[in-house]
Amino acid sequence: MLQGLYKVEMHTVHGSRRGVLYVYDGKMMGGNSAFAFIGTYQDSASGEVLVDISTVRHNDDPNFQPLFKTDKITLSLKGRQQGEQYFFEGGTTQLPGIAFNSVMTPISEEAAPPVPSAGKGGIGNGLYSIHIRMLDGIDGGNTGVMVLHDGRIRGGDAFFDYLGSYTSANGRWKGELVNHEHTPSQGERPVFGGYEVGIGFSGTYTDEGAVAEATALAGKRSIRFSAVLKKLAEA
């Protein structure tokens, strides 16, 4: 069954990109350091998976270029399962004639913290962009996406995935997550030095987003950082 967190690798004649997708209840939500992916899927009678998915830019850094040379694109795809992976192909009416192919590979969720019972009135379910800034004089940061859904955190970017859980009430939230490399960053995103990192955080939220301060344990190092989340879509 097509469900859970996946690494997605995407290809056109213009090049390749990578990100993560969280798949559940007919929805696909994810992204990478510059773009969010928002879509739906359904199973067909022939065994194919039919997908409609769109991109939205959440990071204005011009170093991150879109795969289709435009920030907003909507794709119609057909795919099938082969082993654990799903292979898709299709395109967009906005740029006809450009073929799109992608491969979705499942990411193990065994390391995910247990999900608490979700109370009412907490932080809203949704797809959020997340912008990270290191504290204590450490250079660096990162951007990605994060799905918050009934106490569960799933997200990541082109190199990392996030598996976590949270509780929230009365404008405050807290939680924990594991940051893991699904693809070796080879120094391109040296946020945590290649370690699988456990992170604890707490902060505040509104209807539009959230902020948090967090502490990550990378090997023997304790690293503090701040995070700003902006809601991009309902989940």
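Please refer to the structure placed before this passage.
These numbers come from a predicted model, not from an experiment.

A. Main features of empty space enclosed by the protein. Counted under the stated rule, the structure contains one cavity of 30 Å³ or more. Of the volumes computed, that of the largest cavity is approximately 140 Å³. Along the walls of the largest cavity sit 15 residues, with I130, M146, L177, F225 and A227 positioned nearest its centre. In the lining of the largest cavity, the residues fall into 14 nonpolar, one polar and no charged.

B. Structural detail: the layout of surface pockets. Each pocket or cavity is described by its volume, and for the largest pocket that value is around 520 Å³. Elements that contribute at least two residues to the lining of the largest pocket include exactly strand 1 (4-12), strand 2 (15-24), strand 4 (35-43), strand 5 (49-57), strand 6 (74-82) and strand 8 (100-106). Here the lining of the largest pocket gets four residues from one element, more than from any other, and that element is strand 5.

C. Fine view of the side chain of N59. Within the element layout of this structure, N59 appears in the loop between strand 5 and strand 6. A distance of 3.0 Å separates the side chain of N59 from the backbone oxygen of S33, its partner in a polar contact. Contact partners of N59, with chain neighbours within four places excluded, come to S33, A34, F64, H131 and T143.

D. Region of the structure containing the sheet that holds strand 7 (residues 85-91). Pairing in this closed barrel of eight strands is antiparallel, and the strands run 1-2-3-4-5-6-7-8 around the ring. Direction aside, neighbouring strands of the sheet carry axes that sit 30 degrees apart on average. In terms of strand pairing, strand 6 meets strand 7 through seven bridges, oriented antiparallel. The residue of strand 7 that forms the bridge with G79 is F88.

Conventions we followed
Residues numbered from 1 in each chain as written. Predicted model: local features only at pLDDT ≥ 70, side-chain atom pairs only at ≥ 80, totals over all residues. Heavy atoms only, no water. 1 Å grid on protein atoms, 1.4 Å probe; cavity = no way out; pocket = protein on both sides within 12 Å on 5 of 7 lines; lining within 4 Å. Points joined across faces, edges and corners; volume = space filled by probe spheres on them. Nonpolar A, V, L, I, M, F, W, Y, C, P; charged D, E, K, R; others polar. Helix = DSSP H or I, 4+ residues; strand = E, 2+ residues; numbered from the N terminus. Polar contact = N/O pair within 3.5 Å; in protein donor to acceptor, adjacent residues only side chain to side chain. Contact = heavy atoms within 4.5 Å. Pairing = 2+ DSSP bridges. Axes fitted to C-alpha atoms, helices over the stretch in contact; angles between N-to-C directions.

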